[in-house]
Amino acid sequence: MAKGLDVGTMNIISGQQDEAETVFVQQRNSFVEIEYSDMAEQMLSRSDVLHIRKGDQVYVVGDDALNFANIFNRETRRPMSQGILSSDESSAIPMIKLITEQVVGQPSHPGERLFFSSPADPIDSNLNTLYHEKTLESMLGDIGYNPEPINEGMAVIYSELADHNFTGLGVSFGAGMTNVCLSYYAVPVMKFSIARGGDWIDEQTANATGTPVDKVTSIKEDGFELDFTTDVGGVEGALAIYYENLLDYVIKNISQEVDDEDVEEGLDVPVVVTGGTSSPRGFEKLFADHLSDAPIPFSISDVRSPDEPLYSVARGALVAARSEEEQTAAVPSED
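Here the structure is a predicted model, which means the values were calculated and not measured. (Residues numbered from 1 in each chain as written. Predicted model: local features only at pLDDT ≥ 70, side-chain atom pairs only at ≥ 80, totals over all residues. Heavy atoms only, no water.)

Novice: A description of the overall build of the protein should follow, citing residues and the corresponding values.
Specialist: Secondary structure assignment for the protein yields 10 helices and 15 strands. At 20 Å, the protein has a C-alpha radius of gyration in line with the 20 Å of a compact globule built from 335 residues. Seen along its three principal axes, the alpha-carbon backbone of the protein occupies a region of about 70 × 65 × 40 Å. Across the 335 residues that make up the protein, the buried fraction comes to 51%. For the protein, restricting intrachain contacts to residue pairs at least 6 apart in sequence, the fraction spanning at least 24 positions comes to 68%. Working note: accessible area of the protein is about 15,500 Å², and carbon and sulfur atoms make up 45% of it. Across the protein, the mean location of the 21 positive side-chain charges is 6 Å away from that of the 57 negative side-chain charges. (Helix = DSSP H or I, 4+ residues; strand = E, 2+ residues; numbered from the N terminus. Rg over C-alpha atoms; globule rule 2.2 N^0.38 Å. Buried < 20%, exposed > 50% of the residue type's maximum accessible area, 1.4 Å probe, protein only. Contact = heavy atoms within 4.5 Å. Areas by Shrake-Rupley, 256 points an atom, 1.4 Å probe, with all protein chains shown as cover. Lys, Arg positive; Asp, Glu negative; His and termini not counted. Charge placed at Lys NZ, Arg CZ, Asp CG, Glu CD.)

Novice: Before we move on, can you summarise the pairing of strand S5 (residues 51-54) with the specific residues and values?
Specialist: Across 4 bridges, S5 lies against strand S6 (residues 57-61) in antiparallel orientation. Bridge pairing in S6 places Lys54 opposite Gln57. Connecting S5 to the next strand, S6, in antiparallel fashion are 2 residues, including Gly55 with a positive phi near 65°. (Pairing = 2+ DSSP bridges.)

Novice: So what's going on with the packing of aromatic side chains? Which residues, and what values?
Specialist: Counted according to the given criterion, the structure contains 10 aromatic pairs. Measuring from centroid to centroid gives 5.8 Å for Phe31 and Tyr59, while their planes differ by 70°, and the two rings are edge-to-face. Separated by 28 residues along the polypeptide, Phe31 in strand S4 (residues 31-35) and Tyr59 in strand S6 bring together distant segments of the chain. Both residues of the pair, Phe31 and Tyr59, count as buried. The interplanar angle of 75° and the centroid separation of 4.9 Å between the aromatic rings of Phe173 and Phe283 together place this pair among those described as edge-to-face. With a gap of 110 residues between them, Phe173 in strand S11 (residues 168-173) and Phe283 in helix H9 (residues 283-292) connect regions that are remote in the sequence. (Phe/Tyr/Trp six-rings, centres within 6.5 Å; stacked < 30°, edge-to-face > 60°.)

Novice: An account of the packing of helix H6 (residues 198-209) against helix H7 (residues 213-221) is requested, with residue identities and associated values reported.
Specialist: In contact at an axis separation of 9 Å, H6 and H7 are set at 120° when each is read in the N-to-C sense. H6 and H7 meet at a crossing whose hand is right-handed. Residue-level inspection shows Gly198, Asp202, Thr205 and Ala206 of H6 in contact with H7, the latter providing Val213, Val216, Thr217 and Lys220. (Axes fitted to C-alpha atoms, helices over the stretch in contact; angles between N-to-C directions. Left-handed = near helix turned anticlockwise from the far one by under 90°.)

Below, the structure is given as C-alpha cells:
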C-alpha cells in the first residue's frame, strides 16, 4: 500500500488505491478562531466539527472553517501562504499537522511509502521552498510514513499523461502558486513555479470590489464561469478580469523560461491544466486561446483538463509512490 498527498495552500488531499478505485480524502487547509465556552465545545464535538482548544480559544479547522468565518464575519487563517508554510502564522505547524493527520490517517504498516507534493522555487519571488519541504517530510515521518517530495508540476504529468509516455507540459494552478513542468519521457526538462494563484485572484478581486476575501472565495467556488458575460462592476466580473491577467502572466513566464532552457523546437506536446484554480467552466478554452498567441518554440498538440482537476496532484503523487513501491518489491532481497 502507498499514498499520495497534495499539500496545497487551499486544500490538503490524499489519494490511495482501493482495489480498482482511487479514493481521495480532502480537507480545506484553513482555520478560524472563536471564543471558547463549554456549550460551544460540546456542540462542535457532537457535530463532528474538526477543532482544537488552546486556552480560552477554540480553533475550527478544515472544511468547516470557511462556514464559521462567513457566519461570524471573520477571516479564515491559513497555515500556508503562497504555496509554502506561512512565516506570519504562529499556529501554522500545529494546524497543518492536525489537518494532514485527518487526511492521510495512520500508515497501514510502519514506513508506508508516501509521496507528497512540493512546489518548485518561484522565479518571480525570493521565497524558498526548502524549509517547507523538510518540515513536511519530518512531520509525515513522525506519523509513521516513509515520505518523499515530488515536484507538483511533475505530479500532474504522472497523473494525466501516461498515454503520452509522460511527455508534455503540466501546469498546476493552485491557490498559492502556479507550478509548471515540461517533461520528456518522464524526465523533467523544465520546472518552476510562479508566486501567483487563486489567492492572488481573490485578493485582487476583494480589493477592487470591497468584498471580504472569504466571500469572494465562496462566490468563485459556487458555480463561477469564465464566460465574460457578467457585468464588470460585480465580483464575478472582477474575477474574470484577474483570471485573464493571471493566465497572461503565467504564459509570459512559460515563454521566457522555455527560451532560457533552449528547449528543442521539434517537440509536439500536449498541455494539461489542473488545480483548484482551473476549476471554473471556460478556463481550459481561455488558457488555450491565450497560449496559441504565445511565442513558444515547440508545437502544442492540444490543451486538456481532467474531469476532476483538484485531484490531479494527489493522483500523480500516488502514481509515483506506487511505482517506486512496485520496483522495490521486484528487487530480490539479499541474504
